[in-house]
Amino acid sequence: MKADAKKNGKKIEKEIEKLLGKMTLDEKVSMLHGASLFQSGGVERLGIPGVMTSDGPMGVRAEFMRDRWIPAGNNDDNVSYLPSNSALASTWNPYRAYEMGHVLGAEARGRGKDVILAPGINIKRSPLCGRNFEYMSEDPKLTATLAVPFVKGVQENDVAACVKHFAANVQETDRLMVDEEIDVRTLYEIYLPAFKAAVQEGNAYSIMGAYNKINGYHCCENKNLLDLVLRNEWGFDGTVISDWGGVHKTKEAAECSLDIEMSVFPDFDEYKLANPLKEAIKKGEISEEAVNAKVRNILRMMFRLKMIGKQKEERKAGSYNTPEHREMALRTAEESMILLKNDNRTLPLNAGKIKKLVVIGQNAAKIHSDGGGSAEIKALYEICPLMGLKTYLGGNTEIQYLKGYYVPEKPKTFDHNWQADSLDDLKDTDIGMAVRDEANENEMHRKGEEERLAQLEKEKAEIHEKNKALFAQAVEAAKNADAVIFVGGLNHDIDSEGFDRSDMELPYEQDLLIDALLNVRKDMIVTLIGGSPVEMPWRKKASAILWSYYAGMETGNAFAKIIFGDVNPSGKLAETFPEKYQDCVTAKNGQFGVWGKIKLEEGLYIGYRYFDRQHIAPAFCFGHGLSYTEFAYSGLTLKTEKGRDVKLTFTVKNTGKKIGSEIVQVYVAPIASKVDRPDKELKTYAKIELAPGKSRKVELVLKQTDFAYFDEHLHEFIANAGDYEILVGASSEDIRLRGIATLA
Ligand code: BGC
């Protein structure tokens, strides 16, 4: 198999050289930049098409006009709306990641695409980052283990995954210019491992360079990141595509390993890697070899995708909107929802005993698929929780729905597209400007902030006024029902690309309403939908709390099945839910940086690594999630084998009355390490389904690399000899078994 691939690889390289030899400079350069908003240029004369891309990651985005951010208005580009990457990560199930990748790839191919701009695998540093809903986790290992099968699933369809955003795209504020100072060890241990896995294990055909700078250089022009790390160390030979507008300087982009420049403006020939590049080559400022290297990388991806060459006829056709895809969306949604709290077995509800159900909260009836930024899609359909409950219960149950709180309407306008607008201020400037006009920017920022705050105040007053009557109605209705379900949370007016949240509170005074409702209904089921953690000041009062990330077209059906117990919840948090924002590392070290700069001073200590080190108890810890059944753990044995691998065995038993799945998590905690290391780190996990009373022996292996840290001086991962505590748990805090592994 390997020999075949090598032979095939050699053949492809020969074909590439043949094609390259026939191309003029103009033709080569035409391949290096956008020729429409989502397609790069091709060379018709030689039968080389442009590369057709589309967003990602929750489905294939609707078509736009070639040169304007105006929807094409087609009636054939509705698609399956898939659970967000944050929902997927909560399944802790690599197989679901594979399936979802497979569906996304099939739909992309079905819509005629070559590259799907997904998955989003940036590590979550702050709970306030506007795009967290598109990302998986605060933990590199969990992210890596899901990114790999996702990429494989996509690419089985002869479509490339474009893994984004490389790297450390941890904030939206000032995202085009922010310069993140990150130490090398933190990069290698936290922000890079998932990308490395996607490249080396997932064999990703393409990578998207991020907007931000790292250590002084924009990621799309960052020799260290693209040449040294991605190409030289990891051996990546696919295509690097810029984020849209992520290229700033012709020479820098030409001379590093970026291959295609995409942007948001319609003057395609003026992109940095278009006419300016040609001129620079003609003047002898840039060598044509730089262009050849890029063309080779693009052609290599095209051959792999069967876009060109002898295998063209065999290229998969894909398909979209199939019943199988919807099935998959449902299964993943079911597995993604997280039961955060369930005192006195409040859930599941017994449908047979409910004659009147009161449902309160705007997210019960809200459609989320059409928002969030570039992740927005035109869903074939989206079943909201209210519809899910109604279709589940049928006509004999009275369901009263109340909005509960007021949400100001944000109408979508198509005169201006935020995606173009978000880069517009950079249009007429040299966006590579070395020195930013800080005084001017500060003044603009101050003014902008003033306006924003004034607008917010106005909005708050309006919300407060309108809420009075809505609250009163909801509280009254809640008193007269057999069961009450609150469905609130966030939406894409808040969880969105382009800006970060300003706090971690539930918007629209929901905390006040939930509190008032819990006063009259202690048994109210609180359910929240959102893309990032929220404070829950009322959480001790509530008996049952169910959390769902944006979970796709089948959200409502999955929701109803969990509420009424047809599905036993098995999702667990892939990120820490802090008690309050002040507890987070970014509250201390700064979320967004002071004009263009942020030092990620905390280093490795983000997420649970930070909470552990600071001994701060979160509201719900990383890895937490309850079930309608219980699991017991026993009999941990550890055996060092094959060099320095450690084999773990232990038994998990379902001691409750319902079939269910448990996610067992293995953390490694170095003992007496000479090097500063996080108290514990997730290194492996498994999801195990068990019938009531049944038990299973779980066998897992910790590899030598699972004990390693990155030594900056040696520039490699080192696993020091010594003792390591092995913690086996149901969450990062609920550790059930402990043992010591000694590495020789
Ligand atoms: C986003 C990318 C997206 C691209 C194309 C950018 O604004 O950061 O994630 O793929 O636009 O829509």
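The coordinates are above.
These lines cover the structure that appears in this document, whether it is placed above or below. (Residues numbered from 1 in each chain as written. Predicted model: local features only at pLDDT ≥ 70, side-chain atom pairs only at ≥ 80, totals over all residues. Heavy atoms only, no water.)

**With respect to the overall build of the protein chain**
Helix and strand content of the protein chain: 19 helices and 24 strands. Relative to its length of 744 residues, the protein chain is compact, with a C-alpha radius of gyration of 26 Å against a globular reference of 27 Å. Reported as C-alpha extents along the three principal axes, the dimensions of the protein chain are approximately 80 × 65 × 55 Å. Here the analysis covers contacts within the protein chain between residues at least 6 apart in sequence; of these, 77% occur between residues at least 24 apart. (Helix = DSSP H or I, 4+ residues; strand = E, 2+ residues; numbered from the N terminus. Rg over C-alpha atoms; globule rule 2.2 N^0.38 Å. Contact = heavy atoms within 4.5 Å.)

**Considering the nonpolar core**
With 212 residues, the main nonpolar core has Phe 166, Tyr 191, Trp 244, Ile 360, Phe 486, Met 536 and Trp 538 as its most contacted residues. Non-local contacts of Phe 166, meaning those with residues more than four positions away in its chain, are made with Leu 192, Phe 195, Ile 207, Met 208, Gly 209, Ala 210, Cys 219, Leu 225, Leu 226, Leu 230 and Trp 234. Core analysis: the second largest hydrophobic core is formed by 25 residues, Val 664, Val 698, Ala 719 and Leu 737 among them. (Core = buried A, V, L, I, M, F, W, Y, C linked by side-chain atoms within 4.5 Å. Buried < 20%, exposed > 50% of the residue type's maximum accessible area, 1.4 Å probe, protein only.)

**Some details on the sheet that holds strand β2 (residues 115-117)**
Read from one edge to the other, the open sheet built from five strands follows the order β1-β2-β3-β5-β8, with strand pairing classed as parallel. Edge positions in the open sheet fall to β1 (53-55) and β8 (239-242), since each of these has one partner strand only. Taken pair by pair, the neighbouring strands of this sheet meet at an average axis angle of 30°, ignoring direction. Across three bridges, strand β3 (residues 160-166) lies against strand β5 (residues 206-209) in parallel orientation. Bridge assignment links Phe 166 to a residue of β5, and that residue is Gly 209. The sheet strands contacting helix α11 (residues 288-304) are β2, β3, β5 and β8, and the helix crosses β8 at an angle near 110°. (Pairing = 2+ DSSP bridges. Axes fitted to C-alpha atoms, helices over the stretch in contact; angles between N-to-C directions.)

**Here we look at the pairing of strand β17 (residues 645-654)**
Here β17 lies mainly inside the structure; seven of its ten residues are buried. Across nine bridges, strand β16 (residues 631-641) lies against β17 in antiparallel orientation. Its bridge partner being in β17, Lys 639 is matched across the sheet by Lys 647. In this antiparallel pair of consecutive strands, β16 and β17, the connection spans three residues, and Lys 642 shows a positive phi of 30°. Note: β17 against strand β20 (residues 695-702), eight bridges, orientation antiparallel. Counterpart to Lys 653 in the pairing with β20 is Ser 695.

**Re the packing of helix α4 (residues 94-110) against helix α12 (residues 323-336)**
Packing of α4 against α12 brings their axes to within 10 Å, and their N-to-C directions diverge by 145°. As for how α4 packs across α12, the hand of that crossing is left-handed. Only His 325, Met 328, Arg 331, Thr 332 and Glu 335 of α12 make contact with α4, whose side of the interface consists of Arg 96, Glu 99, Met 100, Val 103, Ala 106 and Glu 107. In terms of residue class, the contact of α4 with α12 is built from four nonpolar, two polar and five charged. (Left-handed = near helix turned anticlockwise from the far one by under 90°. Nonpolar A, V, L, I, M, F, W, Y, C, P; charged D, E, K, R; others polar.)

**Some remarks on helix α16 (residues 510-520)**
When we look at burial in α16, the residues that qualify are Gln 510, Asp 511, Leu 513, Ile 514, Leu 517 and Leu 518. Viewed along the axis of α16, the buried residues span an arc of 160°, placing them on a single side of the element. Exposed side chains of α16 directed beyond 90 degrees from the buried face belong to Leu 512 and Asn 519. (Arc of directions from axis to C-beta.)

**Here we look at the environment of Lys 249**
Residue placement: Lys 249 occurs in the loop between β8 and α9 (250-254). A relative accessible area of 30% means that Lys 249 is categorised as partly exposed. Put simply, Lys 249 and Pro 276 are 27 residues apart on the chain and 9.6 Å apart in space, counted from C-alpha to C-alpha.

**Here we look at the site of the ligand**
Looking at the ligand, there are 15 residues lining it, with Asp 55, Arg 131, Asp 243, Gln 419 and Glu 497 nearest. Taking Tyr 211, its side chain carries an N or O atom lying 3.1 Å from an oxygen atom of the ligand. Side-chain polar atom of Glu 497 to an oxygen atom of the ligand: 2.6 Å apart, as the coordinates give it. For the shell around the ligand, the per-class residue count stands at five nonpolar, three polar and seven charged. (Near = heavy atom within 4 Å. Polar contact = N/O pair within 3.5 Å; in protein donor to acceptor, adjacent residues only side chain to side chain.)

**A few points about helix α5 (residues 140-155)**
With 16 residues, α5 ought to run about 22 Å at 1.5 Å a step, and its terminal C-alpha atoms sit 22 Å apart, in line with that. Counting buried positions over the 16 residues of α5 gives 13, a clear majority of the element. (Expected span 1.5 Å × (residues − 1).)

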